[in-house]
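Survey of secondary and tertiary structure
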Amino acid sequence: MKKRVVITGIGIIDPLGSNRHECFANLINDFDPLSTIKSIETADVNLYPNITVDVCFPVDKTKCVFTDTTVDKSHNYVKLAIHSVEQALKDAGNPEQNTKNVATIFNSLGTSGETRTDFSSAIINNKKRYSPKGIMENLQDYIAGHIARNYQFTGIATSLNSACATGLTSLDYARKLTEEYDFVTVGGSDCMIDSTHMFTFQSLQALSYTGSRPFNTTRDGFVMGEGAGCLILETEERAISRGAKIYAYIDGIGISNDSYSQTSPDPEGKGAELAMRKALDEADNPTIDFVNAHGTGTPVGDVVEYDAIRRLLPDVPIYSSKAKIGHTMAACGIIELIHSINSLETGKIPATFNLKDSIAPMDKNLLTENVEKECNTFLKNSFGFGGRCASIVISKR
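Description of the structure in this document. This one's a predicted model, so the numbers in the text were calculated from it and none came from an experiment.

Here the focus is the overall build of the protein. For the protein, the count of helices and strands is 13 helices and 13 strands. Here the protein has a C-alpha radius of gyration of 20 Å; the compact-globule value for 397 residues is 21 Å, and the two agree. Once the C-alpha set of the protein is aligned to its principal axes, its extents read approximately 60 × 50 × 40 Å. Out of the 397 residues in the protein, the part that is buried amounts to 59%. Looking at the protein alone, contacts between residues at least 24 apart form 78% of all its contacts between residues at least 6 apart. One way to put it: in the protein the 39 positive side-chain charges average out to a point 3 Å from where the 48 negative ones average out.

This is the structure in C-alpha coordinates:
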(Lines give C-alpha, C1' and ligand atoms only; values in the text may rest on other atoms or scores of the structure.)
Protein backbone atom coordinates (compact mmCIF):
# COMPACT_ATOMS: atom_id res chain seq x y z
CA MET A 1 0.00 0.00 0.00
CA LYS A 2 1.39 3.40 -0.99
CA LYS A 3 2.15 5.85 1.76
CA ARG A 4 -0.11 8.89 1.72
CA VAL A 5 1.62 12.14 0.79
CA VAL A 6 0.75 15.25 2.75
CA ILE A 7 1.33 19.00 2.63
CA THR A 8 2.94 20.35 5.80
CA GLY A 9 4.22 23.79 4.79
CA ILE A 10 2.82 26.63 2.69
CA GLY A 11 4.42 29.78 1.28
CA ILE A 12 2.87 32.25 -1.12
CA ILE A 13 3.04 35.76 -2.53
CA ASP A 14 0.71 36.97 -5.27
CA PRO A 15 -1.07 40.18 -6.36
CA LEU A 16 -3.45 39.83 -3.37
CA GLY A 17 -0.86 39.65 -0.59
CA SER A 18 2.35 38.24 0.82
CA ASN A 19 1.06 35.27 2.84
CA ARG A 20 -1.76 32.79 2.48
CA HIS A 21 -4.10 34.45 4.95
CA GLU A 22 -3.81 37.89 3.33
CA CYS A 23 -4.09 36.41 -0.17
CA PHE A 24 -7.21 34.44 0.69
CA ALA A 25 -8.86 37.31 2.55
CA ASN A 26 -8.55 39.51 -0.53
CA LEU A 27 -9.75 36.65 -2.73
CA ILE A 28 -13.06 36.32 -0.87
CA ASN A 29 -13.68 39.91 0.26
CA ASP A 30 -14.80 42.93 -1.76
CA PHE A 31 -11.28 43.81 -2.86
CA ASP A 32 -11.55 44.94 -6.48
CA PRO A 33 -8.45 44.06 -8.52
CA LEU A 34 -9.61 46.46 -11.21
CA SER A 35 -8.54 49.20 -8.81
CA THR A 36 -4.97 47.92 -9.07
CA ILE A 37 -4.95 46.71 -12.65
CA LYS A 38 -2.62 49.18 -14.24
CA SER A 39 -0.65 50.18 -17.23
CA ILE A 40 2.66 48.41 -17.42
CA GLU A 41 5.31 50.53 -15.81
CA THR A 42 8.37 48.39 -16.49
CA ALA A 43 10.89 50.75 -18.09
CA ASP A 44 11.93 48.53 -20.97
CA VAL A 45 8.29 47.97 -21.99
CA ASN A 46 7.76 51.68 -22.40
CA LEU A 47 10.59 51.76 -24.94
CA TYR A 48 8.63 49.54 -27.34
CA PRO A 49 5.49 51.00 -28.95
CA ASN A 50 4.72 47.63 -30.58
CA ILE A 51 3.67 46.32 -27.15
CA THR A 52 0.07 47.49 -27.07
CA VAL A 53 -1.34 45.41 -24.21
CA ASP A 54 -0.86 47.55 -21.13
CA VAL A 55 -2.72 45.88 -18.24
CA CYS A 56 -1.30 43.54 -15.63
CA PHE A 57 -1.62 42.33 -12.04
CA PRO A 58 1.75 43.08 -10.38
CA VAL A 59 2.97 41.92 -6.99
CA ASP A 60 3.82 44.53 -4.38
CA LYS A 61 7.55 43.83 -4.27
CA THR A 62 7.96 45.74 -0.99
CA LYS A 63 6.12 42.86 0.70
CA CYS A 64 8.67 40.36 -0.49
CA VAL A 65 10.91 39.59 2.49
CA PHE A 66 13.63 36.98 3.05
CA THR A 67 16.68 36.37 5.19
CA ASP A 68 18.75 35.04 2.28
CA THR A 69 20.75 38.17 1.53
CA THR A 70 22.43 36.56 -1.48
CA VAL A 71 19.32 37.36 -3.53
CA ASP A 72 19.22 41.07 -2.70
CA LYS A 73 20.34 42.03 -6.20
CA SER A 74 18.64 39.15 -7.99
CA HIS A 75 15.75 39.47 -10.40
CA ASN A 76 12.25 39.64 -9.01
CA TYR A 77 11.23 36.08 -9.86
CA VAL A 78 14.11 34.85 -7.66
CA LYS A 79 13.14 37.13 -4.77
CA LEU A 80 9.52 36.00 -4.88
CA ALA A 81 10.61 32.37 -4.98
CA ILE A 82 12.86 32.65 -1.93
CA HIS A 83 10.14 34.57 -0.06
CA SER A 84 7.76 31.64 -0.60
CA VAL A 85 10.37 28.98 0.23
CA GLU A 86 11.41 30.56 3.52
CA GLN A 87 7.77 31.01 4.44
CA ALA A 88 6.93 27.36 3.64
CA LEU A 89 9.88 25.94 5.57
CA LYS A 90 9.03 28.03 8.62
CA ASP A 91 5.39 27.00 8.33
CA ALA A 92 6.45 23.35 8.25
CA GLY A 93 8.42 23.73 11.48
CA ASN A 94 11.83 24.19 9.83
CA PRO A 95 12.46 20.49 9.05
CA GLU A 96 15.60 21.50 7.15
CA GLN A 97 17.32 21.99 10.50
CA ASN A 98 17.20 18.24 11.14
CA THR A 99 17.83 16.71 7.71
CA LYS A 100 19.57 17.51 4.45
CA ASN A 101 18.13 14.49 2.64
CA VAL A 102 15.78 16.79 0.77
CA ALA A 103 14.68 17.12 -2.86
CA THR A 104 13.94 20.47 -4.51
CA ILE A 105 11.64 20.96 -7.49
CA PHE A 106 11.21 24.64 -8.38
CA ASN A 107 10.10 26.14 -11.65
CA SER A 108 9.88 29.35 -13.63
CA LEU A 109 8.60 29.47 -17.18
CA GLY A 110 9.90 32.96 -17.84
CA THR A 111 13.09 33.07 -15.79
CA SER A 112 14.20 36.67 -16.39
CA GLY A 113 12.92 38.50 -19.43
CA GLU A 114 14.75 41.61 -18.33
CA THR A 115 18.07 39.77 -18.54
CA ARG A 116 17.29 38.45 -22.01
CA THR A 117 16.61 41.97 -23.23
CA ASP A 118 19.80 43.27 -21.62
CA PHE A 119 21.81 40.35 -22.97
CA SER A 120 20.57 40.94 -26.54
CA SER A 121 21.46 44.61 -26.15
CA ALA A 122 24.95 43.68 -24.99
CA ILE A 123 25.50 41.57 -28.12
CA ILE A 124 24.13 44.22 -30.47
CA ASN A 125 26.31 46.89 -28.86
CA ASN A 126 29.42 44.68 -28.98
CA LYS A 127 29.97 44.54 -25.23
CA LYS A 128 32.96 42.49 -24.11
CA ARG A 129 31.21 40.50 -21.40
CA TYR A 130 27.96 40.02 -19.52
CA SER A 131 27.27 39.34 -15.85
CA PRO A 132 27.73 35.63 -15.07
CA LYS A 133 25.07 35.91 -12.37
CA GLY A 134 22.63 37.34 -14.89
CA ILE A 135 23.33 34.48 -17.27
CA MET A 136 22.88 31.86 -14.54
CA GLU A 137 19.56 33.36 -13.44
CA ASN A 138 18.21 32.61 -16.91
CA LEU A 139 18.69 28.88 -16.41
CA GLN A 140 15.35 27.19 -15.83
CA ASP A 141 16.60 25.28 -12.78
CA TYR A 142 18.44 28.21 -11.24
CA ILE A 143 16.09 28.60 -8.27
CA ALA A 144 16.17 24.89 -7.45
CA GLY A 145 19.96 24.94 -7.44
CA HIS A 146 20.05 28.10 -5.33
CA ILE A 147 17.71 26.61 -2.72
CA ALA A 148 19.70 23.36 -2.51
CA ARG A 149 22.99 25.22 -2.20
CA ASN A 150 21.66 27.66 0.38
CA TYR A 151 20.29 24.94 2.67
CA GLN A 152 22.94 22.32 1.78
CA PHE A 153 20.24 19.90 0.59
CA THR A 154 21.79 16.74 -0.84
CA GLY A 155 18.86 15.48 -2.92
CA ILE A 156 17.88 16.14 -6.50
CA ALA A 157 17.45 19.82 -7.37
CA THR A 158 15.73 20.39 -10.68
CA SER A 159 12.81 21.94 -12.53
CA LEU A 160 10.11 20.80 -14.93
CA ASN A 161 8.40 22.56 -17.79
CA SER A 162 4.87 21.65 -18.74
CA ALA A 163 3.64 25.10 -19.83
CA CYS A 164 0.94 26.40 -17.48
CA ALA A 165 0.37 22.89 -16.09
CA THR A 166 3.88 22.99 -14.63
CA GLY A 167 2.83 23.41 -10.99
CA LEU A 168 0.60 20.34 -10.83
CA THR A 169 2.95 18.26 -12.99
CA SER A 170 5.73 19.13 -10.52
CA LEU A 171 3.57 17.96 -7.63
CA ASP A 172 3.09 14.62 -9.36
CA TYR A 173 6.85 14.21 -9.65
CA ALA A 174 7.53 15.59 -6.18
CA ARG A 175 5.16 13.23 -4.39
CA LYS A 176 7.01 10.24 -5.87
CA LEU A 177 10.23 11.55 -4.34
CA THR A 178 8.85 11.50 -0.79
CA GLU A 179 9.68 7.77 -0.58
CA GLU A 180 13.37 8.50 -1.12
CA TYR A 181 13.77 11.86 0.61
CA ASP A 182 12.70 13.10 4.02
CA PHE A 183 10.72 15.89 2.41
CA VAL A 184 10.40 17.73 -0.89
CA THR A 185 10.34 21.48 -1.47
CA VAL A 186 8.23 22.12 -4.58
CA GLY A 187 7.14 25.43 -6.06
CA GLY A 188 6.99 27.90 -8.88
CA SER A 189 7.71 31.60 -9.42
CA ASP A 190 7.14 33.89 -12.37
CA CYS A 191 7.45 37.63 -13.01
CA MET A 192 6.75 38.01 -16.72
CA ILE A 193 5.56 41.61 -16.87
CA ASP A 194 8.39 42.68 -19.14
CA SER A 195 8.91 43.41 -22.82
CA THR A 196 9.98 39.90 -23.81
CA HIS A 197 7.03 38.05 -22.34
CA MET A 198 4.31 40.63 -22.88
CA PHE A 199 5.23 40.81 -26.55
CA THR A 200 5.29 37.01 -26.75
CA PHE A 201 1.78 36.53 -25.43
CA GLN A 202 0.47 39.57 -27.26
CA SER A 203 1.71 37.96 -30.47
CA LEU A 204 -0.18 34.79 -29.56
CA GLN A 205 -3.34 36.93 -29.09
CA ALA A 206 -3.68 35.47 -25.60
CA LEU A 207 -3.76 38.70 -23.55
CA SER A 208 -6.73 40.83 -22.58
CA TYR A 209 -6.69 44.54 -23.32
CA THR A 210 -9.27 45.32 -20.64
CA GLY A 211 -9.26 42.90 -17.70
CA SER A 212 -9.55 39.31 -16.50
CA ARG A 213 -13.06 37.88 -16.92
CA PRO A 214 -13.06 34.07 -16.68
CA PHE A 215 -16.31 32.38 -17.75
CA ASN A 216 -17.81 35.68 -18.96
CA THR A 217 -19.26 35.91 -22.45
CA THR A 218 -17.18 39.10 -22.87
CA ARG A 219 -13.83 37.50 -21.97
CA ASP A 220 -11.01 38.35 -24.36
CA GLY A 221 -7.87 36.77 -22.92
CA PHE A 222 -5.86 36.55 -19.73
CA VAL A 223 -4.10 39.24 -17.72
CA MET A 224 -0.48 38.64 -16.80
CA GLY A 225 0.06 38.22 -13.07
CA GLU A 226 3.09 37.69 -10.87
CA GLY A 227 3.68 35.46 -7.90
CA ALA A 228 5.30 32.49 -6.23
CA GLY A 229 4.04 29.51 -4.30
CA CYS A 230 5.85 26.80 -2.38
CA LEU A 231 4.70 23.60 -0.67
CA ILE A 232 6.49 21.16 1.62
CA LEU A 233 5.60 17.55 0.83
CA GLU A 234 6.35 14.47 2.92
CA THR A 235 4.81 11.14 3.78
CA GLU A 236 2.01 11.12 6.33
CA GLU A 237 4.11 8.73 8.42
CA ARG A 238 7.06 11.12 8.63
CA ALA A 239 4.84 14.15 9.27
CA ILE A 240 3.16 12.41 12.19
CA SER A 241 6.47 11.17 13.60
CA ARG A 242 7.85 14.71 13.80
CA GLY A 243 4.60 16.25 15.04
CA ALA A 244 4.03 18.38 11.94
CA LYS A 245 0.71 20.01 11.15
CA ILE A 246 -0.91 18.36 8.14
CA TYR A 247 -2.75 20.87 5.97
CA ALA A 248 -3.97 18.50 3.28
CA TYR A 249 -3.53 15.14 1.55
CA ILE A 250 -2.72 14.53 -2.11
CA ASP A 251 -5.26 11.86 -3.08
CA GLY A 252 -4.94 11.75 -6.85
CA ILE A 253 -3.21 13.40 -9.81
CA GLY A 254 -4.04 13.02 -13.48
CA ILE A 255 -1.71 14.08 -16.31
CA SER A 256 -2.59 13.97 -20.00
CA ASN A 257 -2.05 15.65 -23.35
CA ASP A 258 -4.86 16.41 -25.75
CA SER A 259 -2.49 16.15 -28.77
CA TYR A 260 -4.48 18.74 -30.70
CA SER A 261 -2.58 22.01 -31.21
CA GLN A 262 0.39 24.00 -29.94
CA THR A 263 -1.80 26.94 -28.94
CA SER A 264 -5.47 25.88 -28.80
CA PRO A 265 -7.15 23.23 -26.65
CA ASP A 266 -8.99 20.31 -28.18
CA PRO A 267 -12.50 21.75 -28.69
CA GLU A 268 -14.00 18.54 -27.31
CA GLY A 269 -11.91 18.79 -24.14
CA LYS A 270 -10.69 15.21 -24.32
CA GLY A 271 -7.35 15.92 -22.64
CA ALA A 272 -8.94 17.97 -19.86
CA GLU A 273 -11.53 15.30 -19.19
CA LEU A 274 -8.91 12.53 -19.21
CA ALA A 275 -6.71 14.36 -16.66
CA MET A 276 -9.66 14.94 -14.35
CA ARG A 277 -10.87 11.38 -14.70
CA LYS A 278 -7.40 10.00 -13.89
CA ALA A 279 -7.16 12.16 -10.76
CA LEU A 280 -10.65 11.19 -9.61
CA ASP A 281 -10.04 7.50 -10.26
CA GLU A 282 -6.80 7.48 -8.28
CA ALA A 283 -8.57 9.25 -5.42
CA ASP A 284 -11.24 6.50 -5.54
CA ASN A 285 -13.91 8.90 -6.87
CA PRO A 286 -14.61 10.92 -3.73
CA THR A 287 -17.34 13.50 -3.30
CA ILE A 288 -15.89 16.73 -4.72
CA ASP A 289 -16.99 19.85 -2.86
CA PHE A 290 -15.74 22.33 -5.48
CA VAL A 291 -13.52 22.73 -8.53
CA ASN A 292 -10.81 25.39 -8.70
CA ALA A 293 -10.72 25.79 -12.47
CA HIS A 294 -7.78 26.82 -14.61
CA GLY A 295 -10.20 29.46 -15.96
CA THR A 296 -7.89 31.93 -17.69
CA GLY A 297 -10.51 34.03 -19.48
CA THR A 298 -9.50 33.00 -23.00
CA PRO A 299 -12.37 32.72 -25.51
CA VAL A 300 -11.90 29.01 -26.29
CA GLY A 301 -10.29 27.61 -23.14
CA ASP A 302 -13.01 28.53 -20.65
CA VAL A 303 -15.82 26.85 -22.58
CA VAL A 304 -13.79 23.70 -23.20
CA GLU A 305 -12.88 23.40 -19.52
CA TYR A 306 -16.41 24.16 -18.30
CA ASP A 307 -17.96 21.53 -20.56
CA ALA A 308 -15.36 18.92 -19.54
CA ILE A 309 -15.97 19.57 -15.85
CA ARG A 310 -19.72 19.31 -16.25
CA ARG A 311 -19.48 15.98 -18.04
CA LEU A 312 -17.79 14.53 -14.95
CA LEU A 313 -19.17 16.69 -12.14
CA PRO A 314 -22.59 18.03 -13.17
CA ASP A 315 -23.49 20.00 -10.04
CA VAL A 316 -20.22 20.84 -8.27
CA PRO A 317 -19.39 24.52 -7.57
CA ILE A 318 -16.75 25.97 -9.93
CA TYR A 319 -14.63 29.10 -9.60
CA SER A 320 -11.45 30.63 -10.99
CA SER A 321 -8.89 32.62 -8.97
CA LYS A 322 -7.46 34.33 -12.05
CA ALA A 323 -10.09 37.06 -12.14
CA LYS A 324 -8.30 38.55 -9.14
CA ILE A 325 -4.67 37.44 -9.50
CA GLY A 326 -4.24 37.12 -13.26
CA HIS A 327 -2.22 34.29 -14.78
CA THR A 328 0.87 33.57 -12.70
CA MET A 329 2.21 31.02 -15.21
CA ALA A 330 4.54 28.41 -13.62
CA ALA A 331 3.29 29.42 -10.19
CA CYS A 332 -0.44 29.31 -10.97
CA GLY A 333 -1.13 25.67 -10.11
CA ILE A 334 0.45 25.87 -6.67
CA ILE A 335 -0.75 29.40 -5.83
CA GLU A 336 -4.33 28.50 -6.71
CA LEU A 337 -4.10 25.18 -4.87
CA ILE A 338 -3.06 27.13 -1.77
CA HIS A 339 -6.15 29.32 -2.14
CA SER A 340 -8.28 26.17 -2.17
CA ILE A 341 -6.56 24.66 0.88
CA ASN A 342 -7.77 27.79 2.65
CA SER A 343 -11.29 26.90 1.53
CA LEU A 344 -10.92 23.49 3.18
CA GLU A 345 -9.92 25.21 6.41
CA THR A 346 -12.51 27.99 6.38
CA GLY A 347 -15.47 26.42 4.58
CA LYS A 348 -15.58 29.41 2.23
CA ILE A 349 -15.55 28.84 -1.53
CA PRO A 350 -14.70 32.00 -3.51
CA ALA A 351 -16.74 33.23 -6.42
CA THR A 352 -15.19 34.02 -9.77
CA PHE A 353 -14.79 37.75 -9.39
CA ASN A 354 -16.82 39.96 -11.71
CA LEU A 355 -18.70 37.05 -13.28
CA LYS A 356 -21.71 38.99 -14.58
CA ASP A 357 -22.38 37.64 -18.08
CA SER A 358 -21.90 33.94 -17.52
CA ILE A 359 -21.29 31.47 -20.33
CA ALA A 360 -23.81 29.25 -18.50
CA PRO A 361 -26.38 31.64 -16.99
CA MET A 362 -28.63 28.83 -15.74
CA ASP A 363 -25.79 27.12 -13.84
CA LYS A 364 -25.95 28.52 -10.31
CA ASN A 365 -22.90 26.49 -9.36
CA LEU A 366 -20.68 28.46 -11.71
CA LEU A 367 -20.17 30.72 -8.74
CA THR A 368 -20.99 34.41 -8.92
CA GLU A 369 -21.05 34.73 -5.13
CA ASN A 370 -19.01 33.18 -2.33
CA VAL A 371 -20.47 30.00 -0.84
CA GLU A 372 -20.09 28.80 2.73
CA LYS A 373 -20.16 25.02 3.19
CA GLU A 374 -18.22 22.31 4.97
CA CYS A 375 -15.53 21.20 2.52
CA ASN A 376 -13.39 18.10 2.61
CA THR A 377 -12.18 17.53 -0.96
CA PHE A 378 -11.58 19.63 -4.07
CA LEU A 379 -10.37 19.22 -7.64
CA LYS A 380 -7.86 21.66 -9.14
CA ASN A 381 -7.13 22.00 -12.86
CA SER A 382 -4.15 23.46 -14.71
CA PHE A 383 -3.95 23.40 -18.49
CA GLY A 384 -1.27 24.77 -20.79
CA PHE A 385 -0.16 25.39 -24.37
CA GLY A 386 0.69 22.29 -26.34
CA GLY A 387 -2.23 20.36 -24.88
CA ARG A 388 -0.74 19.88 -21.42
CA CYS A 389 -3.47 18.94 -18.95
CA ALA A 390 -3.14 18.29 -15.22
CA SER A 391 -5.66 17.81 -12.42
CA ILE A 392 -5.25 17.09 -8.73
CA VAL A 393 -7.58 15.93 -5.95
CA ILE A 394 -6.80 17.29 -2.50
CA SER A 395 -8.53 16.44 0.81
CA LYS A 396 -8.13 17.55 4.40
CA ARG A 397 -8.20 14.09 5.93
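Picking up where we left off.
A separate point is the packing of aromatic side chains. Tallied over the entire structure, the rule returns six aromatic pairs. For the pair Tyr151 and Phe153, a centre-to-centre distance of 5.3 Å together with 15° between the ring planes defines the contact as stacked. Here Tyr151 and Phe153 have matching classes, each one buried. Note on Phe201 and Phe222: the rings are 5.6 Å apart at their centroids and 70° apart in plane angle, and the pair reads as edge-to-face. In this pair, Phe201 sits in helix α8 (residues 195–203) while Phe222 sits in the loop between α8 and β6 (224–235), placing the two residues 21 residues apart along the sequence. Across this residue pair, the class does not change: Phe201 and Phe222 are buried.

Let us look at the pattern of salt bridges. Pairing is possible between side chains that carry opposite charge, provided their charged atoms lie close to one another. Inspection of the entire model under this criterion finds 20 salt bridges. Here Arg4 makes a salt bridge to Asp251, at a shortest N to O gap of 2.8 Å. Of this pair, Arg4 sits in the segment before β1 (5–13) while Asp251 sits in strand β7 (residues 248–257), placing them 247 residues apart in sequence. Of the residues examined, Arg4 reaches a relative accessible area of 31% and is grouped as partly exposed. Between Arg310 and Asp363 there is a salt bridge, with the nearest N and O atoms lying 2.8 Å from each other. One end of the pair, Arg310, is in helix α11 (residues 301–312); the other, Asp363, is in the loop between β10 (348–349) and β11 (371–372), with 53 residues separating them in the sequence. Residue Arg310 is classed as buried on the basis of its relative accessible area, which comes to 12%. The class for Asp363 is buried, based on a relative accessible area of 14%. Here the residues in one salt-bridge network are Asp172, Arg175, Lys176 and Glu282, joined through shared partners.

Glancing now at the packing of helix α1 (residues 20–28) against helix α13 (residues 332–346). The N-to-C vectors of α1 and α13 enclose an angle of 80°; their axes lie 10 Å apart at closest approach. Here α1 is positioned roughly perpendicular relative to α13, judged by the angle of their axes. For the pair α1 and α13, the contacting residues are Arg20, His21, Cys23, Phe24 and Leu27 in the first and Ile338, His339, Asn342, Ser343, Glu345 and Thr346 in the second.

Here we take up α13. The end-to-end C-alpha distance of α13, which contains 15 residues, comes to 21 Å, matching closely the 21 Å that a straight helix rising 1.5 Å per residue would cover. Counting buried residues in α13 gives 13 out of 15 residues, a clear majority hidden from the surface. Two residues or fewer past α13, Gly347 is found with a positive phi of approximately 70°.

When you line up the elements, Thr328 lands in the loop between α12 (322–325) and α13. Residues contacting Thr328, with those up to four places away along its chain left out, are Asp190, Gly225, Glu226, Gly227 and Ile335.

Taken as a class, soluble globular proteins show a tendency for nonpolar side chains to be buried jointly. Among the nonpolar cores identified, the biggest contains 43 residues, and Ile7, Leu171, Leu231, Leu233, Leu337 and Ile394 are the most heavily contacted of them. Looking at this core, the element that brings in the most residues is α13, giving six residues. By size, the runner-up hydrophobic cluster in this structure holds 27 residues, among which are Ile13, Val78, Ala88 and Phe153.

You can see Arg175 is positioned in helix α7 (residues 166–177). When its relative accessible area of 13% is taken as the criterion, Arg175 is described as buried.

We now examine the pairing of strand β5 (residues 183–191). Most of β5 is tucked away: nine of the nine residues are buried. Pairing of β5 with β6 involves eight bridges; the strand directions are antiparallel. Each bridged residue has a counterpart across the sheet, and for Cys191 the counterpart in β6 is Glu226.

Turning next to unusual backbone geometry. Positive phi is not limited to glycine here, since Phe215 has a value of about 65°. Along the chain, the position of Phe215 falls in the loop between α8 and β6. Although it is not a glycine, Ser259 sits at a positive phi angle of roughly 50°. For Ser259, the position within the fold is in the loop between β7 and α10 (270–282). According to the relative accessible area criterion, Ser259 is exposed, its value standing at 65%.

So, how was this worked out
- Residues numbered from 1 in each chain as written.
- Predicted model: local features only at pLDDT ≥ 70, side-chain atom pairs only at ≥ 80, totals over all residues.
- Heavy atoms only, no water.
- Helix = DSSP H or I, 4+ residues; strand = E, 2+ residues; numbered from the N terminus.
- Rg over C-alpha atoms; globule rule 2.2 N^0.38 Å.
- Buried < 20%, exposed > 50% of the residue type's maximum accessible area, 1.4 Å probe, protein only.
- Contact = heavy atoms within 4.5 Å.
- Lys, Arg positive; Asp, Glu negative; His and termini not counted.
- Charge placed at Lys NZ, Arg CZ, Asp CG, Glu CD.
- Phe/Tyr/Trp six-rings, centres within 6.5 Å; stacked < 30°, edge-to-face > 60°.
- Salt bridge = Lys/Arg side-chain N within 4 Å of Asp/Glu carboxyl O.
- Axes fitted to C-alpha atoms, helices over the stretch in contact; angles between N-to-C directions.
- Parallel < 35°, antiparallel > 145°, perpendicular 65-115°, else oblique.
- Expected span 1.5 Å × (residues − 1).
- Core = buried A, V, L, I, M, F, W, Y, C linked by side-chain atoms within 4.5 Å.
- Pairing = 2+ DSSP bridges.

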